[in-house]
Structures are given as C-alpha cells and as structure tokens.
Amino acid sequence: MNVQDRLLYQDEQLTILTSAAPPEQAILLIGEIDATNSAALASTLAGCRSPGGYLVVDTGELRFIDVSGLRVLVMPTVPASQRWIRLHNVTPYQRRLLRMMGWFYQPRCRHAPL
C-alpha cells in the first residue's frame, strides 16, 4: 500500500483502495471478487462516482473474478454511452472471460491524419 492510497473496503478476499497517484485517481482492486463481495464492490464504486465523469478501476492485482464481479465492472445492461467505469490493467485471464461473455470492448484508436 502506497502512502497516497486510502482503504475503501476490505473483507477476507478483497481489498479496495483509492489511489491519488498521478496521472489520475484510480480505484485499485486486490484479491478476489465473487458473489460474496460483488454487491460490496458495486456499493463502494458507486460511492466513488463523480457526476458526469468516469472512474478508472485497476484490475491488475485481482487473482480471481467471477461473472457477478464482471457485471459490476462492465455494466452490460447499461448503454455504452452511460457506462462510468473504465478498466485499467486488465489481465489476460480477465480479457478472456470478457470475450467469452461478449463484453469485451476496446475503443478503436483514431490516428491523426498525416
């Protein structure tokens, strides 16, 4: 845990921290997410939401996530334009699950004309 990190939630499986380290604030997820703590994850993230903005969620330190946790992070029932969570450091395992569920979305990079 970094000096700038602040604990938002913790149980036996999951730790949720907020990091104010540059370049932008992020929510750090560490451990495991399943049906026993996905509601707490949803509640914690909703409490961090700022109106009109989006929340960067770093999933690189998750050892496990099930479909209930993915639903919280991806918000598949919400139109894409209204989703307020942006995933960062998505692991190959998580990317594979997202693709299997049909929820993997990666915006196309637009290159400036030469």
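Every chain is numbered independently, its residues counted from 1 as its sequence is written. A pLDDT threshold of at least 70 governs which residues receive local features in this predicted model, and a stricter bar of 80 or more applies before side-chain atom pairs are shown or counted, although totals over entire chains, interfaces and linings include all residues. Hydrogen atoms and water are omitted, and side-chain values are computed over all heavy atoms in the structure.

### Some words on the overall build of the protein
The number of helices and strands found in the protein is three helices and five strands. Taken from N to C terminus, the helices and strands of the protein fall in the order β-β-β-α-β-α-β-α. A 1.4 Å probe rolled over the protein chains alone gives each residue an accessible area, and that area as a share of the maximum for its type sets the label: buried under 20%, exposed over 50%, partly exposed in between. Out of the 114 residues belonging to the protein, those deemed buried represent 39%. Only heavy atoms enter the contact rule, under which two residues are in contact if any of them lie within 4.5 Å. Taking the contacts inside the protein whose residues are at least 6 apart along the sequence as the reference set, 58% of them involve residues at least 24 apart. Accessible surface area values rest on a Shrake-Rupley calculation with a 1.4 Å probe, where residue burial reflects the displayed protein chains alone. Surface exposure of the protein reaches about 7,600 Å², of which carbon and sulfur atoms provide 53%. The helix count covers DSSP runs of H or I at least four residues long, the strand count covers runs of E at least two residues long, and both are numbered beginning at the N terminus.

### What to know about the packing of helix 1 (residues 38–48) against helix 2 (residues 67–74)
Here, axes are lines fitted to C-alpha atoms. For helices the fit covers the stretch in contact, and angles between N-to-C directions go from 0 to 180 degrees. Contact geometry of helix 1 with helix 2 gives a least axis separation of 9 Å together with a crossing angle of 15°. The angle between helix 1 and helix 2 places the two elements in the roughly parallel class. Of the two elements, helix 1 crosses helix 2, and the hand of that crossing is right-handed. Residue-level inspection shows S38, L41, A42 and L45 of helix 1 in contact with helix 2, the latter providing S68, G69, V72 and L73. The cut-offs work like this: below 35 degrees is roughly parallel, past 145 is roughly antiparallel, 65 to 115 is roughly perpendicular, and the gaps in between are oblique. Crossing handedness is read from the near helix: turned anticlockwise from the far helix by less than a right angle, it gives a left-handed crossing, and turned clockwise, a right-handed one.

### Concerning unusual backbone geometry
Positive phi is not limited to glycine here, since M75 has a value of about 50°. We note that N89 has phi near 60°; this positive angle belongs to a residue other than glycine. Structurally, N89 can be placed in the loop between strand 5 (85–88) and helix 3 (92–101).

### Looking at the confidence of the model for the protein
Per-residue confidence for the protein averages 87 on the pLDDT scale, and 84% of its residues sit at or above 70. For every residue, the predictor states its confidence as a pLDDT score lying anywhere from 0 to 100. By mean pLDDT, helix 3 is the weakest element of the protein at 91, and strand 3 (residues 26–33) is the strongest at 97.

### Observations regarding a nonpolar patch on the surface
For patches, a residue must show more than 30% relative accessible area and have no salt bridge; joins then use 9 Å for like charges and 5 Å for nonpolar side chains, namely Val, Leu, Ile, Met, Phe, Trp and Tyr. Criterion for a salt bridge: a side-chain nitrogen of Lys or Arg within 4 Å of a carboxyl oxygen of Asp or Glu. On the surface, V67, M100 and M101 cluster together to form a nonpolar patch covering roughly 260 Å² of accessible area. Tracing the sequence through the fold places M101 in helix 3. Residue classification places M101 among the partly exposed residues on the basis of a relative accessible area of 36%.

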